[in-house]
Amino acid sequence: GYGGLRDYLGSSAFKIGAAVNSIYFTNEKYVNTTTTNFNMIVAENACKFSGIQYTQGVYNFNDCDKHLEFAEKNNMELRGHCLIWHAYPPSWFEKITTDTVMNKTIVNHITKVLTHYQGKIKIWDVVNEAIDDGTPSDEFKFRKSFLYNALPNFVDIAFQTAREVDPSVKLFYNDYNIEGGLSKSEATYLFVKDLVKRGIPIDGVGFQYHVSIKFQPSLETVKETIEKYCQLGLEVHITEMDVKCEANCDSSNVDQLQSNVYSNALNACLSSSCCTAFLVWGINDSNTWISPEQKPLLFDTSYNPKPQYTALLNILK
C-alpha cells in the first residue's frame, strides 16, 4: 500500500490524471490504480465525435456518461476530449464537402454535446490536431483535412459555438509535438496567439506530450513554451503523456531515462502558474495505444508502479 499521486497534491487545485476506458471498469486492479492516483480522467474514445455521433443525427452519450459517473463517484474531474477531430471520423462525417453542411454539422454536434454536459464537464478540447505537421515555424499552416477542405474556418466556428452554448466551460486547443523545439511548436503558438488576437474564445492549450527517450524537448524548452502561453493569459495542460523506448528497451537504464523525461514534463508544468493539469495517456503498459514493449506508462502490465511513477511521486512529495 503506497500513497497515490493524488494524495500529495494537498489542497492545491492542480490535477493529475490519466486516459481511461470503460471496458476496464470491471477490472479491480485497474480501478484501484486509477482511483488511488488520479483526480482527473479523460475518456480515451467515448467522448470523441465518433464515440457520440457515430450515426448521423443519433447522439449516444452512454459511454461518455459512464466515464462521467466513474469520475463523480471517485471524486475526480472528467476532462472532455474532444469535440472536433479529423481522425477516426464516422464515414458520413468525412464525406461532407460543402461549407454550409460542414458548418451546420459542427454547430449541431457541439451544441448537443455541450448542452448535455453543461455544468458536468468543465473543460473540453474543442479542436484536436488542426495544425499541419510540416508547417513552417514562422507562419501556421492548417492540416488539409476533410474539415479544413470543406470549411477553412472550422476552428473559429467550433470555438465560437462552444462559447455560445456554454459561457462557463473552459475551451482548449489540443495537439502533439507542440511542447517546444520544433517548427510545429512555434507555428502552433502563432496560431493560438492569432485566435486570441482576433477574439476567438479560447482558455487553454493542451500539450499531448507523446514523446520518446530519443525524441523529447529539454526542460528549459518546455518551460519557455508554457510561459509563452501564460503570457497570452491561457492555461496549459499536459494532456496525453507517454514516453516510448524505441531501442534496447530491456537495458537497465531505460527506466531511468524514461523517468527523466516524465520528471522534466511534470517539473516544467509545476514551475508555471498557468500549467494546471498533467495527464498520462493510459494506466498501465498493457492498455496503451503504443506497444507494451515500449513501456510507455507509469505502471507495468501487472499494475506495479515503475520508477517512472516513483519519480513523479517524489516530485509531488
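Residues numbered from 1 in each chain as written. Predicted model: local features only at pLDDT ≥ 70, side-chain atom pairs only at ≥ 80, totals over all residues. Heavy atoms only, no water.

*Asks:* Provide a residue-level description of the overall build of the protein, including the pertinent values.
*Replies:* A tally of regular secondary structure across the protein gives eleven helices and nine strands. For 317 residues, the compact-globule estimate of 2.2 N^0.38 gives 20 Å, and the protein sits close to it at 19 Å. Expressed as lengths along the three principal axes of its C-alpha atoms, the size of the protein is roughly 55 × 45 × 40 Å. Counting the 317 residues in the protein, one finds 57% classified as buried. Partitioning the intrachain contacts of the protein with sequence separation of at least 6 by distance along the chain shows that 76% fall at a separation of at least 24. Just so you have it, the protein exposes about 13,100 Å², and 48% of that area is on carbon and sulfur atoms. (Helix = DSSP H or I, 4+ residues; strand = E, 2+ residues; numbered from the N terminus. Rg over C-alpha atoms; globule rule 2.2 N^0.38 Å. Buried < 20%, exposed > 50% of the residue type's maximum accessible area, 1.4 Å probe, protein only. Contact = heavy atoms within 4.5 Å. Areas by Shrake-Rupley, 256 points an atom, 1.4 Å probe, with all protein chains shown as cover.)

*Asks:* Which residues make up helix 7 (residues 154-165), and what values go with them?
*Replies:* Taking 1.5 Å per residue as the helical rise, helix 7 with its twelve residues ought to reach 16 Å, and the 16 Å between its terminal C-alpha atoms agrees with that figure. Along helix 7, nine of the twelve residues are buried, which leaves the element largely enclosed by surrounding structure. Among all positions of helix 7, only Phe 154, Val 155, Asp 156, Ile 157, Ala 158, Phe 159, Thr 161, Ala 162 and Val 165 are buried. Its buried side turned inward, helix 7 meets strand 3 (77-85), helix 5 (99-116), strand 4 (123-128), helix 6 (146-150), strand 5 (170-175) and helix 8 (183-197). (Expected span 1.5 Å × (residues − 1).)

*Asks:* Lay out the packing of helix 9 (residues 219-231) against helix 10 (residues 254-270) in plain terms, naming residues and giving numbers.
*Replies:* Between two packed helices, the angle of one axis relative to the other and the distance separating the axes together describe the packing. Where helix 9 contacts helix 10, the two axes come as close as 9 Å, and the packing angle between them is 35 degrees. As helix 9 packs across helix 10, the resulting crossing turns out to be right-handed. Mapping the contact onto sequence places Leu 219, Val 222, Lys 223 and Ile 226 in helix 9 and Asn 264, Asn 267, Ala 268 and Cys 269 in helix 10. Taken together, the residues of the contact of helix 9 with helix 10 sort by class into five nonpolar, two polar and one charged. (Axes fitted to C-alpha atoms, helices over the stretch in contact; angles between N-to-C directions. Left-handed = near helix turned anticlockwise from the far one by under 90°. Nonpolar A, V, L, I, M, F, W, Y, C, P; charged D, E, K, R; others polar.)

*Asks:* Now, about the environment of Thr 225: what can you tell me, with residues and values included?
*Replies:* Locating Thr 225 in the fold gives a position in helix 9. Taking the relative accessible area as the measure of exposure, Thr 225 reaches 9% and is therefore buried. Once the C-alpha coordinates of Thr 225 and Val 236 are considered, the two residues, eleven residues apart in sequence, prove to be 9.8 Å apart. Excluding its chain neighbours within four sequence positions, the residues that come into contact with Thr 225 are Ile 178, Glu 179, Gly 180 and Phe 207. Reaching out from Thr 225, the side chain makes a polar contact with the backbone oxygen of Thr 221 at a distance of 2.7 Å. (Polar contact = N/O pair within 3.5 Å; in protein donor to acceptor, adjacent residues only side chain to side chain.)

*Asks:* With reference to specific residues and values, describe the nonpolar core.
*Replies:* In terms of nonpolar packing, the biggest core is built from 98 residues, with Phe 38, Ile 84, Val 127, Met 241 and Phe 278 touching the most fellow members. Each residue touching Val 127, except ones within four places of it in the same chain, is listed here: Ile 84, Phe 154, Val 155, Ala 158, Phe 159, Phe 172, Tyr 173 and Asn 174. With eight residues, the next largest nonpolar core counts Ala 19, Met 40, Ile 123 and Trp 281 among its residues. (Core = buried A, V, L, I, M, F, W, Y, C linked by side-chain atoms within 4.5 Å.)

*Asks:* Provide a residue-level description of the pattern of salt bridges, including the pertinent values.
*Replies:* Tallied over the entire structure, the rule returns 13 salt bridges. Among the salt bridges present, the one from Asp 285 reaches Lys 306, with a minimum N-O distance of 2.6 Å. Of this pair, Asp 285 sits in the loop between strand 9 (275-280) and helix 11 (307-316) while Lys 306 sits in the loop between strand 9 and helix 11, and the two are 21 residues apart along the sequence. Given the relative accessible area of 3%, Asp 285 is considered buried. The network of salt bridges with common partners includes Asp 133, Arg 143, Asp 175 and Lys 184. (Salt bridge = Lys/Arg side-chain N within 4 Å of Asp/Glu carboxyl O.)

*Asks:* Tell me about helix 8, residues and numbers included.
*Replies:* Between the first and last C-alpha of helix 8 there are 21 Å, a value that for 15 residues agrees with the 21 Å anticipated at 1.5 Å per step. Among all positions in helix 8, only Lys 184, Ser 185, Ala 187, Thr 188, Tyr 189, Phe 191, Val 192 and Leu 195 are buried. Contacts made by the buried residues of helix 8 are with helix 7, strand 5, strand 6 (204-207) and helix 9. Directly beyond the C-terminal end of helix 8, a positive phi value near 75 degrees is found at Gly 199.

*Asks:* Just give me the short version of unusual backbone geometry, but keep the residues and values in it.
*Replies:* Here the bond from His 81 into Cys 82 is cis, since omega is -15 degrees, no more than 30 degrees from zero. Summarising the element assignment, Cys 82 is placed in strand 3. One non-glycine residue, Lys 295, lies in the positive phi region at around 50 degrees. Structurally, Lys 295 is set in the loop between strand 9 and helix 11.

*Asks:* An account of the side chain of Gln 308 is requested, with residue identities and associated values reported.
*Replies:* Take Gln 308: it is sitting in helix 11. With a relative accessible area of 0%, Gln 308 lands in the buried category. Within polar-contact distance, the side chain of Gln 308 engages the side chain of Asp 255 at 3.4 Å. Aside from chain neighbours lying at most four places away, what touches Gln 308 is Asp 255, Gln 258, Ser 259, Tyr 262, Lys 295, Leu 297 and Leu 298.

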